[in-house]
Amino acid sequence: MSVFFGSRVTVLFLVVLSELLQPTPESADGGQAGQPDTTSHGIGWVVQEGWPLGMPEIASEWIQPIVIDLEHDGVPEVVVLTQDGLRVLTSSGALHTGLWPIEFPVDGATANLDLAIANMDDDPDLEIVFKRNRVDPPNPWAVTVHVYNPDGTRASGWPRTLDGLSDEVIVRDLDADGKSEVLVGTYVPPRLYVLGSNGSSFNSAWPRDFDSYVMSLATADLDGDGDLEILLKDGLLDLPILVYALHHNGDEVAGWPFSAPDRVQDQFVVGDVDGDGSPEVAFNVTTDSESLVYLLNIQGQPFSSAWPAAIPSGFYWSLAMGDVDGDGYLDIVTTGTTPRVVAIDRFGAILPGWPAIVQSQFPGGIPYQNIIHAVADVDADGMPEVVVGALVGPIVFNHDGTPLPGANP
C-alpha cells in the first residue's frame, strides 16, 4: 500500500490503522473478546495493541508500510520505508531484532514509494527491496536499488546503481523459478532494466531503451504459458502514448504495443472479466474533455465495441477488479483525484448505485487523493465491498455504492 500525506506524525497512525485492523469475535454476552483495546471502527475491528506509532518529523513526508511475515514463523512484521531510513517493526510496534533501523545518509537521495517484499534467493526468508533516486551532484541522474535480508544485512549482489531517475520499481518472478526479478523503469534516459536476483541483468535483452518515459510497470501471464509478461507505458505528455506488453526475453507480445490517443494514467489492472480463461488489461485515459476506461484483450485490441467506456469527469488513476455486483464476473472499480468512485461492468456500463461519493475531505482544502485498496467481503454478509483509501482514512462502500454503516470516518 502506498500513501502520501502532507501531515507529519499522523501519517503512520492512519496507515497502520488501515493495515493492522484485526477482526475480533464477539463474546457470548455480545461484547468484544480477545483484545484489550476495544477502540471500535464500526465493523467489529479494533486497533492492534502498541499502535499508533509516532515517527520523527523527517520520516513523515513519505511513509510506506507493508505487513508481512518475513521469516515464515507465523508472526507478521511491519516493514516501514521513510525518507530517513528503513525500519522493521514487530506486530507490537517495537524494532525487530537485527541491524534495524537502517538510517539513510543525508546525500540528496530520496526514497520513493516503491517498497516491495519478495523471495530473492534460495532460502525461505523474504527480502526487502526499495529504490532511492539521487538528484544532486556529482551523479545527478541515478537510481540505486537496495535489497536487505530480514536481519538488516545486505543481500548478495546489492545495491545496484543505474543510470536515470526512476518513477517505479516492481519485483516479480518472471520465469517462475522461485526467485524474483527487479524491474526498474527510468526516464532521462527512458529505459527498462530487468535485474536478476543477484543484481545482474536478467538476460541479454535488458536494459531496453524506449522513446519517452517508462512508467506504470505491471506483470501478468497474458498468454497462459506460466510465466509473466511485462506491461508498461512509454510516454507522459507527448502523444501518442504507447502501451507495451513484453515477454521476459524482450520480445513484444503479438498485437502490442497499443497506441493510446491521450494521457494514459499510472496503473494497469489485469483480470479475466468474462471468464473465458484469457485475461484483459484495464487502464484510465484522460483527455481534455472526458475521462475514459480502456479494456484491452490479450492481442492489445479493445475488448468489445463498448470500450473505451466514458465515466463522469474527473482525474482517475487507481483501479481494481472484483465481482462488485455478485453476478460471477469481474467488474472494474476506479477513483483518483476526484470524490467519485466508479464501478463498471464488463459491458462498459456503470453499475446501479455508482458512482459512490467520498464525502469526507482532508482539512485544509487538500485535493482528493483516493486509492482502491480492495474489492472484498469485509463484513461477511456474502456480498463484496469496495475499500477506498482516502486522505481521511479508509472508506468502505457496499456493492450498491452506499457507505457501509459505521465503517467510515
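Source: prediction; values computed, not measured. (Residues numbered from 1 in each chain as written. Predicted model: local features only at pLDDT ≥ 70, side-chain atom pairs only at ≥ 80, totals over all residues. Heavy atoms only, no water.)

## What about the overall build of the protein chain?
Inference 1: The helix and strand inventory of the protein chain stands at one helix and 30 strands.
Inference 2: Taken across its 409 residues, the protein chain has 51% of its residues classed as buried.
Inference 3: A separation of at least 24 residues holds for 44% of the contacts in the protein chain among residues at least 6 apart in sequence.
Inference 4: Within the structure as shown, the protein chain displays about 16700 Å² of accessible surface, and the carbon and sulfur contribution to it stands at 53%. (Helix = DSSP H or I, 4+ residues; strand = E, 2+ residues; numbered from the N terminus. Buried < 20%, exposed > 50% of the residue type's maximum accessible area, 1.4 Å probe, protein only. Contact = heavy atoms within 4.5 Å. Areas by Shrake-Rupley, 256 points an atom, 1.4 Å probe, with all protein chains shown as cover.)

## What about the side chain of Arg 346?
Inference 1: In this structure, Arg 346 sits in the loop between β26 (331-344) and β27 (356-357).
Inference 2: With near-sequence residues (within four places) excluded, Arg 346 lies in contact with Val 273, Asp 274, Phe 303, Trp 307, Asp 327, Tyr 329, Leu 330 and Asp 331.

## Here's the deal with the side chain of Asn 149
Inference 1: For Asn 149, the position within the fold is in the loop between β11 (142-148) and β12 (160-163).
Inference 2: The exposure class of Asn 149 is buried, given its relative accessible area of 16%.
Inference 3: Here Arg 154 takes part through its backbone oxygen, which lies 3.5 Å from a polar atom of the side chain of Asn 149.
Inference 4: Other than its neighbours up to four places away in sequence, Asn 149 contacts Trp 100, Asp 121, Glu 127, Arg 154 and Ala 155. (Polar contact = N/O pair within 3.5 Å; in protein donor to acceptor, adjacent residues only side chain to side chain.)

## Details of the sheet that holds β27
Inference 1: With respect to topology, three strands assemble into an open sheet ordered β25-β26-β27, the strand pairing being antiparallel. Strands at the two margins of the open sheet, each flanked by one partner only, are β25 (315-322) and β27.
Inference 2: By the bridge criterion, two bridges tie β26 to β27 in an arrangement that is antiparallel. In the strand pairing of β27, Arg 340 is matched with Ile 357. (Pairing = 2+ DSSP bridges.)

## Let's talk about the nonpolar core
Inference 1: In this structure, Leu 231, Trp 256, Phe 258, Val 264, Phe 268 and Phe 283 are the most contacted members of the largest nonpolar core, which totals 20 residues.
Inference 2: Those elements that provide at least two residues to this core are β17 (214-220), β19 (241-246), β20 (258-260), β21 (263-271), β22 (280-286) and β23 (291-296).
Inference 3: Apart from the residues within four sequence positions on either side, Phe 268 is in contact with Ser 216, Ala 218, Leu 231, Leu 232, Lys 233, Val 243, Val 281, Ala 282 and Phe 283.
Inference 4: Among the nonpolar cores identified, the runner-up in size contains 17 residues, and Val 333, Leu 351, Val 358 and Val 388 belong to it. (Core = buried A, V, L, I, M, F, W, Y, C linked by side-chain atoms within 4.5 Å.)

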